[in-house]
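Residue-level structural notes
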Amino acid sequence: MKLRTSFFDKTVFLKNVTRFAPAWGLYTLGLLMALMTMASSDLEYWQVDALGESIQLMPLINMGYALVCAMLLFGDLFKSRMCNALHALPLRRECWFCTNVISGLAFSLVPNLVMTLIAIPLCAASIVIDAWQVPLYWLLGNALQFVTFFGIAVFSIFCVGSRFAALVVYGILNFSSVLVYVLVAAVYTPMLYGVHTSEAPFLNFCPVVQMME
């Protein structure tokens, strides 16, 4: 009788949580310190305004944090001995991959959820109407940002065989449209007299710029 295929391994997940606890622990600490800074304000509406505007800064944080999470979880692929030992285990590759992806999502979702639950009462006490909804929108926006950058980071790692090359591919995928604009503005546009190349169409395809706006 064929056993049921599993795409999640509890042991691997717990190993990821405990092994890389410093990474998501520092991320959680940074969020709590930012929340304490917002909560220390005497203005009742400032907490809501600061939390809403912080979503424009989170793309840069998520871009770096997602890359760190992907490098830690899939870093064994860059070492031939670790990779061979990993694939020699009685663990299906799709199970290992899905468990690592779930671990990476948990590294972001759990700290953000903790901050959201703490921020809801603070925003609810503000004079702004329906201010308690702001942390929920912040959580949704932050989660979507992390999923985007984490997916790009994992794809970059699986395309190359070294950490430096993965970093280069990750940067190219995130800023490819900006690089194309720089090349067009520096090489093609000077050859056309009186022609100006607008950066707006190129920035529309840059995820970092669009998320910050």
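In this report, the structure presented in the accompanying data block is examined. This structure is a prediction, so every number in the text was calculated from the model and none was measured. Within every chain, residues take consecutive numbers counted from 1 along the sequence as written. Residue-level local features of this predicted model are given only where pLDDT is at least 70; pairs of side-chain atoms are given and counted only at 80 or more, and the full residue set underlies all totals for whole chains, interfaces and linings. Hydrogens and water molecules were not included; the side-chain quantities draw on all heavy atoms of the structure.

A word on the packing of helix α7 (residues 134-159) against helix α8 (residues 163-188)
A pair of packed helices is characterised by two quantities: the angle between their axes and the separation of those axes. Interhelical geometry of α7 versus α8 gives an angle of 135 degrees and a closest axis separation of 8 Å. For the element pair α7 / α8, the angle class is oblique. Between α7 and α8 lies a crossing whose hand is right-handed. Each of Phe 149, Ile 152, Ala 153, Phe 155, Ser 156 and Ile 157 in α7 lies in contact with α8, whose residues at this interface are Ala 166, Val 169, Tyr 170, Leu 173 and Asn 174. Each residue is assigned to one of three groups, with Ala, Val, Leu, Ile, Met, Phe, Trp, Tyr, Cys and Pro labelled nonpolar, Asp, Glu, Lys and Arg labelled charged, and all others, Gly among them, labelled polar. Of the residues contributing to the contact of α7 with α8, the split by class is 9 nonpolar, 2 polar and no charged. Here an axis means a line fitted to C-alpha atoms, over the contact stretch when the element is a helix, while the angle between two N-to-C directions is reported on a 0 to 180 degree scale. In this description a helix means any DSSP run of H or I spanning at least four residues, a strand means any run of E spanning at least two, and both kinds are numbered starting from the N terminus. An angle below 35 degrees is treated as roughly parallel, one above 145 as roughly antiparallel, one from 65 to 115 as roughly perpendicular, and anything else as oblique. Handedness of each helix crossing follows the sense of rotation of the near helix against the far helix: counterclockwise by less than a right angle gives left-handed, clockwise gives right-handed. Contacts are residue-level and defined by heavy atoms, with any inter-residue pair within 4.5 Å sufficient.

Comments concerning the packing of aromatic side chains
Centre distance within 6.5 Å is the pairing criterion for rings of Phe, Tyr and Trp, where only the six-membered ring of Trp is used; planes under 30 degrees apart are then read as stacked, over 60 as edge-to-face, and the remainder as tilted. If you walk through the whole model with that rule in mind, you get 8 aromatic pairs. With a centroid separation of 5.6 Å and an interplanar angle of 50 degrees, the aromatic rings of Phe 8 and Phe 13 are classed as tilted. Each residue in the set Tyr 27, Tyr 65, Phe 146 and Phe 150 is aromatic and connected to the rest through ring pairs, giving one cluster.

Topic: the pattern of salt bridges
By convention in these notes, a salt bridge is any Lys or Arg side-chain nitrogen within 4 Å of a carboxyl oxygen on Asp or Glu. If you walk through the whole model with that rule in mind, you get 1 salt bridge. A salt bridge links Arg 92 to Glu 94; its shortest N-O distance comes to 2.4 Å.

Details of helix α4 (residues 58-73)
How far a helix is expected to stretch is found by multiplying one less than its residue total by 1.5 Å. For α4, spanning 16 residues, the distance from its first C-alpha to its last is 22 Å, which sits close to the expected 22 Å at 1.5 Å a residue. Buried within α4 we find Met 58, Pro 59, Asn 62, Met 63, Tyr 65, Ala 66, Leu 67, Cys 69, Ala 70, Met 71 and Leu 73. Only protein chains enter the accessibility calculation, which uses a 1.4 Å probe. A residue is then buried if its area is under 20% of the maximum for its type, exposed if over 50%, and partly exposed in between.

A short note on a nonpolar patch on the surface
Taken together, the side chains of Leu 57, Leu 60, Ile 61 and Met 212 define a hydrophobic patch exposed on the protein surface, amounting to about 320 Å² of accessible area. Within the element layout of this structure, Met 212 appears in helix α10 (residues 207-212). In this structure Met 212 comes out as partly exposed when scored by relative accessible area, which is 31%. Patches draw on residues past 30% relative accessible area with no salt bridge. Two like charges within 9 Å are joined, as are two nonpolar side chains (Val, Leu, Ile, Met, Phe, Trp, Tyr) within 5 Å. A 1.4 Å probe and the Shrake-Rupley method give the accessible areas. Residues count as covered only by the protein chains that appear here.

Notes on a positive patch on the surface
Positive charge collects at one region of the surface, where Lys 15, Arg 19, Lys 79 and Arg 163 lie side by side. Within the secondary structure, Arg 163 sits in helix α8. Two residue types count as positive, namely Lys and Arg, and two as negative, namely Asp and Glu; His and chain ends fall outside the count. Each charge is placed at NZ for Lys, CZ for Arg, CG for Asp and CD for Glu.

Structural notes on the nonpolar core
By nonpolar core we mean a set of buried residues, namely Ala, Val, Leu, Ile, Met, Phe, Trp, Tyr and Cys, connected to one another through side-chain atoms within 4.5 Å. Leu 51, Phe 74, Met 115, Trp 138, Phe 150, Ile 157 and Tyr 170 are the most contacted members of the largest nonpolar core, which has 37 residues in total. In this view, Trp 138 contacts Leu 31, Leu 51, Ser 54, Ile 55, Met 58, Asn 112, Met 115 and Thr 116; residues no more than four positions away in its chain are not counted.

Some thoughts on the packing of α4 against α8
Direction vectors running N to C along α4 and α8 enclose 145 degrees, while the axes themselves pass 12 Å from each other. α4 and α8 meet at a crossing whose hand is right-handed. The residues of α8 that touch α4, namely those facing Met 63, Ala 66, Leu 67 and Met 71, are Arg 163, Ala 166, Leu 167, Tyr 170, Asn 174 and Phe 175. The residue inventory of the contact of α4 with α8, partitioned by class, reads 8 nonpolar, 1 polar and 1 charged.

A few points about the state of the cysteines
Note on terminology: pairs of cysteine sulfur atoms within 2.5 Å are recorded as disulfides. A full pass over the atoms with the stated rule returns 0 disulfides. With no disulfide partner, Cys 95 has as its closest neighbouring cysteine sulfur the one in Cys 98, 7.4 Å distant. Exposure remark for Cys 98: the relative accessible area of 25% places this residue in the partly exposed category.

Keep in mind that these numbers describe shape and distance, not what the molecule does.
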